[in-house]
Amino acid sequence: MSRARDLIDRFGREEGDFLRAEFIAPVTGGGAVRARIAGIACELKVKDPRPGLHVLKPTSPREASIVREASAAESKRYLGLFPKARVVATVAHGATWLGLPAAPPAKGIRIKGLVPIALGRGLRRFDTAVVRFDGALFLHERTERPAEAKRLRDAFEARSAPASAGLVPAERAAFGKAVEAREEEEKSHDERRLERALKAAGAELVGYDDRRGAFTVRYRVDGRSFESVVDARDLTVVSAGICLSDQDRDFDLTSLVGVMREWVRNEE
């Protein structure tokens, strides 16, 4: 019993010390930060959160308030606690940039695919961001290679290929990924519907024309090209493009792909 009471007393003292202390933590859009009380990890909700690396003070075991923004020296010391990596800002997701790994670090973390860059205020597309990983967030520390980033942005805006001299593979990959994302955003709702319907059956959309309530769809199945007409409302087949003995409307665009695949086999 005395040991349990000692532990409770110790936790109470350390919790009291914690509530009187200030600490540095990154505040993001989620408005919560992590800290430790008596060795126990706690999540604290931040009152009136604003993104940045801040000095905070607990107001209760569950809440904290921002005292001020961390100074440059405090930020440097805090970020220096965590392993470093580099990512190229590639695609915007709301107010957050998603970055591709610029190069594998000599030691520590390994990054695959796009990752969100936290506290990336001032970042622009194709900037190489030096980040620190605190176990949950990739925290922006500084930006490198501004000349290369500007060259990529200029080419992106001009919809032209960038001169590759001086670019590293990660920058070229980021450019390609950004172009893909822009093309996807620019697709119409109808184009995405047709793509999904064909992709579900392993076919590829080549193009389509909107004919007042119907789509004339051009697509490829196992390397063979076809053209069919489907109803714009539900993608029911109006005219398959091959003889189906007046059973065209028994199929939709997805199920028609299987019919075309079988037709190709029979032709061979």
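Chains are numbered independently. Their residues run from 1 in the order of the written sequence. Predicted model: local features are reported for residues with pLDDT of at least 70 only, side-chain atom pairs are reported and counted for 80 or more only, and whole-chain, interface and lining totals are derived from all residues. Excluding hydrogens and water, the side-chain figures rest on all heavy atoms present in the structure.

Enquirer: Explain the pattern of salt bridges to me, and be specific about the residues and the numbers.
Expert: Oppositely charged side chains can form a pair if their charged atoms are brought close together. Here, a salt bridge means any side-chain nitrogen of Lys or Arg that lies within 4 Å of a carboxyl oxygen of Asp or Glu. The tally for this structure, following the rule as stated, stands at 22 salt bridges. R121 is the partner of E69 in a salt bridge, and the nearest nitrogen-oxygen pair spans 3.4 Å. Here E69 is found in strand β5 (residues 63-69), whereas its partner R121 is found in the loop between β8 (115-118) and β9 (128-133), with 52 residues between them in sequence. One salt bridge in this structure joins D127 and R153, with 3.2 Å as the shortest N-O distance. Here the residue D127 occupies a position in the loop between β8 and β9, and R153 occupies one in helix α3 (residues 146-158), the gap between them amounting to 26 residues. For the pair formed by D127 and R153, the shared burial category is buried. The network of salt bridges with common partners includes R86, R132, E141, R142 and E144. Numbered from the N terminus, helices here are DSSP runs of H or I no shorter than four residues, and strands are runs of E no shorter than two. Whether a residue is buried, partly exposed or exposed follows from its accessible area with a 1.4 Å probe, protein chains only, as a fraction of its type maximum: under 20%, in between, or over 50%, in that order.

Enquirer: Give me the packing of aromatic side chains: which residues, what numbers.
Expert: The aromatic pairing rule takes the rings of Phe, Tyr and Trp, using the six-membered ring of Trp, and pairs them if the centres are within 6.5 Å, calling planes under 30 degrees apart stacked, those over 60 edge-to-face and the rest tilted. Taken as a whole and judged by the stated rule, the model has eight aromatic pairs. Each ring, one from Y78 and one from F82, has its centre 5.2 Å from the other, and the planes form 70 degrees; the classification is edge-to-face. Take F82: its relative accessible area is 18%, and that puts it in the buried class. Ring centres of Y208 and F215 lie 5.6 Å apart, and the angle between their planes is 85 degrees; on these two criteria the pair is classed as edge-to-face. Aromatic ring contacts, followed pair by pair, group F126, F156 and F175 into a single cluster. Whether a charge sits over a ring depends on NZ of Lys or CZ of Arg being within 6 Å of the ring centre and within 35 degrees of the ring normal. The ring of F156 carries the charged tip of R182 above its face, separated from the ring centre by 3.9 Å.

Enquirer: Tell me about the sheet that holds strand β10 (residues 138-144), residues and numbers included.
Expert: Pairing is mixed in the closed barrel, where five strands are placed in the order β6-β7-β8-β10-β9. Across the sheet, the mean angle separating the axes of adjacent strands is 55 degrees when strand polarity is ignored. Pairing between strands is defined by DSSP: at least two bridges between them are needed. Taken together, the three bridges between strand β7 (residues 96-103) and β8 define a ladder with antiparallel strand orientation. Considered in β8, the bridge of G99 is made with V115. Comment: axis = line fitted to C-alpha atoms, over the contacting stretch for helices; angle = value between 0 and 180 degrees taken between N-to-C directions.

Enquirer: Help me get a handle on unusual backbone geometry, residues and values and all.
Expert: A positive phi is found at R145, a non-glycine position, where the angle reads about 55 degrees. Within the element layout of this structure, R145 appears in the loop between β10 and α3. Taking the relative accessible area as the measure of exposure, R145 reaches 26% and is therefore partly exposed. Within the chain, L235 stands out as a residue other than glycine whose phi angle is a positive 65 degrees. For L235, the location among the structural elements is in the loop between β13 (224-231) and β14 (237-239). Looking at L235, the relative accessible area reads 9%, which means it is buried.

Enquirer: Which residues make up the pairing of β7, and what values do they have?
Expert: Inspection of the sheet shows strand β6 (residues 84-93) paired to β7 by seven bridges, in the antiparallel sense. Pairing of H93 across the sheet is with T96, part of β7. From the end of β6 to the start of β7, which pair antiparallel, there are two residues, and G94 there has a positive phi angle of about 65 degrees.

Enquirer: Could you give me a rundown of the side chain of K187, with the residues and numbers involved?
Expert: Structurally, K187 is set in the loop between α4 (169-186) and α5 (189-199). The criterion used for residue contact is that any of the two residues' heavy atoms lie within 4.5 Å. Here K187 is in contact with R192 and E195, once residues within four sequence places are set aside.

Enquirer: Tell me about the sheet that holds strand β11 (residues 204-210), and name the residues and values.
Expert: Pairing is antiparallel across the open sheet formed by four strands, whose spatial order is β11-β12-β13-β14. Both edges of this open sheet fall to β11 and β14, since each of them pairs with a single strand only. Averaged over neighbouring strand pairs, the angle between their axes works out to 35 degrees when direction is ignored. Taken together, the two bridges between β13 and β14 define a ladder with antiparallel strand orientation. Its bridge partner lying in β14, V230 is registered against V237.

Enquirer: So, the nonpolar core: which residues are in play, and what are the values?
Expert: Residues belong to a common nonpolar core when they are buried Ala, Val, Leu, Ile, Met, Phe, Trp, Tyr or Cys residues joined through side-chain atoms within 4.5 Å. Ranked by internal contacts, the top residues of the largest apolar core, which has 24 residues, are L194, L198, V217, Y219, V230, L256 and M260. Taken together, the elements giving at least two residues each to this core come down to α5, β12 (214-221), β13 and α6 (253-267). Among the elements that take part in this core, α6 stands out by supplying six residues, more than any other. Those residues in contact with L256 that sit more than four places away from it in its chain are Y219, S228, V237, A240, L244 and F251.

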